[in-house]
Amino acid sequence: MRARLALLAAATCLAGTAQAATIYPLDRATVLVGSPFDFKVELDQVYDAGDVEVTVNGEAYADVFGSEAEFVAEENGKDGVAGSAMILRGISLTEAGDYAVAVKAGDETKDVTWTVYDTPAMPKAKNIIFFVADGMSMGHRTAARIMSKGMTEGKADGRLSMDGLDHMATIGTSSTHSIATDSANTMSAYMTGHKTRVNALGVYADRTPNSQDDPKVETIAEALRRQTGKSIGVVSTAEIEDATPAAVVAHTRLRADKADIVGMFYDIKPEVILGGGSAYFLKSDVAGSKRKDDKDYISMFEDAGYTVVTSADELDTAEKPEDGKLLGLFHTGNMDTKLDRSFLKKGSVEKFPNQPGLVEMTDAAIEQLSKNPEGFFLMVEAATVDKMSHPLDWDRAVVDMIEFDQAIGSAMEWMNSHPDTMIVVTGDHTHGFSVIGTVDDEVDAEEMRDKVLTYDAAGFPNYTDDNGDGYPDKVDVSRRLAMFSNNFPDYYETFRPKLDGPFQPAVKDENGRYVANDAYKDVPGAVLRTGNLPHNASTGVHAVDDVVLQSTGPGAEGFKGYMEQSDVYGVLADTFALGTSQKQ
Ligand SMILES: [Zn+2]
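Residues numbered from 1 in each chain as written. Predicted model: local features only at pLDDT ≥ 70, side-chain atom pairs only at ≥ 80, totals over all residues. Heavy atoms only, no water.

A. The arrangement of the side chain of Ser-289 in detail. You can see Ser-289 is positioned in the loop between strand S15 (272-276) and helix H8 (297-303). On the basis of relative accessible area, Ser-289 is assigned to the buried category, the value being 18%. Here Lys-283 takes part through its backbone oxygen, which lies 3.2 Å from a polar atom of the side chain of Ser-289. Contact partners of Ser-289, with chain neighbours within four places excluded, come to Ala-279, Leu-282, Lys-283 and Ser-284. (Helix = DSSP H or I, 4+ residues; strand = E, 2+ residues; numbered from the N terminus. Buried < 20%, exposed > 50% of the residue type's maximum accessible area, 1.4 Å probe, protein only. Polar contact = N/O pair within 3.5 Å; in protein donor to acceptor, adjacent residues only side chain to side chain. Contact = heavy atoms within 4.5 Å.)

Below is the structure:
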């Protein structure tokens, strides 16, 4: 405490001089003891190396970090020389405590403090299953519960599996440069313990144009390889190199570096990889490839001992190796929604008719990973909750929430016989989405908007589930949930599920501005909603609202109150005792 007070006093004295330089990791970073990271100082002016002084807790930095940084006299920023820089890669701090880093060069000064934290000597849990429904907000949960379980006299007729998780926290998702956020920086905060900038994964976003030279932090996959013999699994209904699954392994300033991200998966070699996105695994001359080189990652993974499967049937029946290595790629792009795959047969289901669902992928991953006696870390993402919330396709998003919940239910059942497992369920960020009542076709009114029932008039929707599979028998019932977003481009609100395929609310006009998609203009009762987003927005955007995280099992007591997204990593590290080597 005394050290902190002294620091505060020092900072106050210096308030008169310019705090122009940037130090990475940023101020208030929390770092796992022994975890490698890159140290970088960006100065606003050009200096001689001898004119830059860097200290750590008052000592010369090289004595504390163990080596000298590379000095870059003139570092190029996005528009020419940005100033001098110092960079020192792969340092690690082996003692817990506060580290006050001070930089002085000419008039420029900068002070930051990092907190290095230790973990218990012994792991609390053997396995962690980390469930993320991308974009999951309170509205999604409520809608899924009502649609799946029903409601009578104001009380739910059943609970979601996630409703039963006994520990809870609210999570602040903002990024380092903005209150708003995307799946790259949010998931990266969960998977590294460091917040970063929109579009960045496993790095702090520096000023140079190169997307892969930015200061790195360790991912959970790297920490697991460094300290444990555990297996790693990554499951998603998105392209597997999309931001959320990529955050488990990747280091890049740009989530769009998808071809390179496949290489980052290959470097780590998670034992189980299941999802979409095969286009980035195929060499450039194969039809459907999105690579620009001749790397054939399917063969490379096969040569590394992976069983490769491309359909639900193969996932079910393929002979799987005892060391668990399994690569399943079921779509060239993002996989289809549950509503399309199992019920409507729309989207791209005709082209990819045999895609597994999230439940089957989760079960297969657990079966493979649990062959490792040392345990595993599994990340499961329901990607389409977000991918359908953007285009305001609430029925597809909510049915995928039900599928997400069933995957959680299946894992919780497995956990009954494997109680040394922690389950975490969360979203990475939210959408501005709410259920506000019902839409009732039976109301005698001219306009559809007068069939939107609120307050007492809303009553209860009339979804049925005659076959008891947890999904509504159909989503286009006569009295259905009234679901709306608080942000949108110009679009036609139809007040109905989109049975012909995922909703495309807006399209580009000849000036490149997004306007309402005329394809929905003639749906009976459709009304034009004039957007409240800029004209370059094709869909709804993420909300800044907190995410709710729930958890159960050993270690879950670490989740409580308000937490920064980066703090979640500390609980995972604590649960697995990642500060201590468990290598056999
Ligand atoms: Zn999104």
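B. Main features of the coordination of the zinc ion. All of the protein donors around the zinc ion are Asp-386 (OD), Asp-386 (OD), His-390 (NE2) and His-542 (NE2); their distances to the metal are 2.0 to 2.3 Å. Within one chain, the residues serving as donors to the zinc ion are arranged as D-x3-H-x151-H. Here Asp-386 is found in helix H12 (residues 384-389), whereas its partner His-542 is found in strand S28 (residues 542-543), with 156 residues between them in sequence. Classification of Asp-386 by relative accessible area gives buried; the value is 6%. By relative accessible area, His-542 is classed as buried at 18%. (Donors = N, O, S within 2.8 Å, 3.2 Å for Na, K, Ca; no water.)

C. Structural context of the pattern of salt bridges. As enumerated under the stated definition, the model contains 23 salt bridges in all. Among the salt bridges present, the one from Arg-396 reaches Asp-393, with a minimum N-O distance of 2.9 Å. The exposure class of Arg-396 is buried, given its relative accessible area of 0%. For Arg-480, the salt bridge goes to Asp-441, with nearest N and O atoms at 2.8 Å. Here Arg-480, found in strand S23 (residues 479-485), pairs with Asp-441, found in the loop between strand S21 (433-440) and strand S22 (452-453); they are 39 residues apart in sequence, far enough to count as distant. For Asp-441, a relative accessible area of 30% translates into the label partly exposed. Three or more residues joined by partner-sharing salt bridges are found here, namely Lys-40, Glu-42, Glu-75, Asp-206 and Arg-207. (Salt bridge = Lys/Arg side-chain N within 4 Å of Asp/Glu carboxyl O.)

D. A look at the sheet that holds strand S8 (residues 97-105). Spatially, five strands are ordered S2-S9-S8-S4-S5 in an open sheet, and the strand pairing comes out mixed. Edge strands, defined here as strands with exactly one partner in the open sheet, are strand S2 (30-32) and strand S5 (59-60). Taken together, the nine bridges between S8 and strand S9 (residues 108-117) define a ladder with antiparallel strand orientation. If you follow Val-103 over to S9, its bridge partner there is Lys-110. (Pairing = 2+ DSSP bridges.)

E. Molecular detail of helix H11 (residues 358-369). The end-to-end C-alpha distance of H11 is 16 Å, a good match for the 16 Å that twelve residues give at a rise of 1.5 Å each. For H11, a buried count of nine out of twelve residues is recorded, marking the element as mostly surrounded by other parts of the structure. All buried positions along H11 are accounted for by Leu-358, Val-359, Met-361, Thr-362, Ala-364, Ala-365, Ile-366, Gln-368 and Leu-369. (Expected span 1.5 Å × (residues − 1).)

F. A look at the side chain of Ser-211. Mapping Ser-211 onto the fold places it in the loop between helix H4 (183-192) and helix H5 (220-227). Separated by 2.7 Å, the side chains of Ser-211 and Asp-257 make a polar contact. The contact partners of Ser-211, leaving out residues within four places of it in the chain, are Thr-252, Arg-253, Leu-254 and Asp-257.

G. Layout of the sheet that holds strand S17 (residues 326-329). Read across the sheet, ten strands follow the order S16-S17-S15-S14-S18-S10-S19-S29-S13-S30 without closing on themselves; strand pairing throughout is mixed. Two strands lie at the open edges of the sheet, namely strand S16 (307-309) and strand S30 (562-564), each paired on one side alone. Geometrically, the sheet is characterised by an average inter-axis angle of 15° between neighbouring strands, direction not taken into account. Pairing analysis gives three bridges linking strand S13 (residues 167-172) to S30, with the strands arranged parallel. The residue of S30 that forms the bridge with Thr-170 is Tyr-562. (Axes fitted to C-alpha atoms, helices over the stretch in contact; angles between N-to-C directions.)

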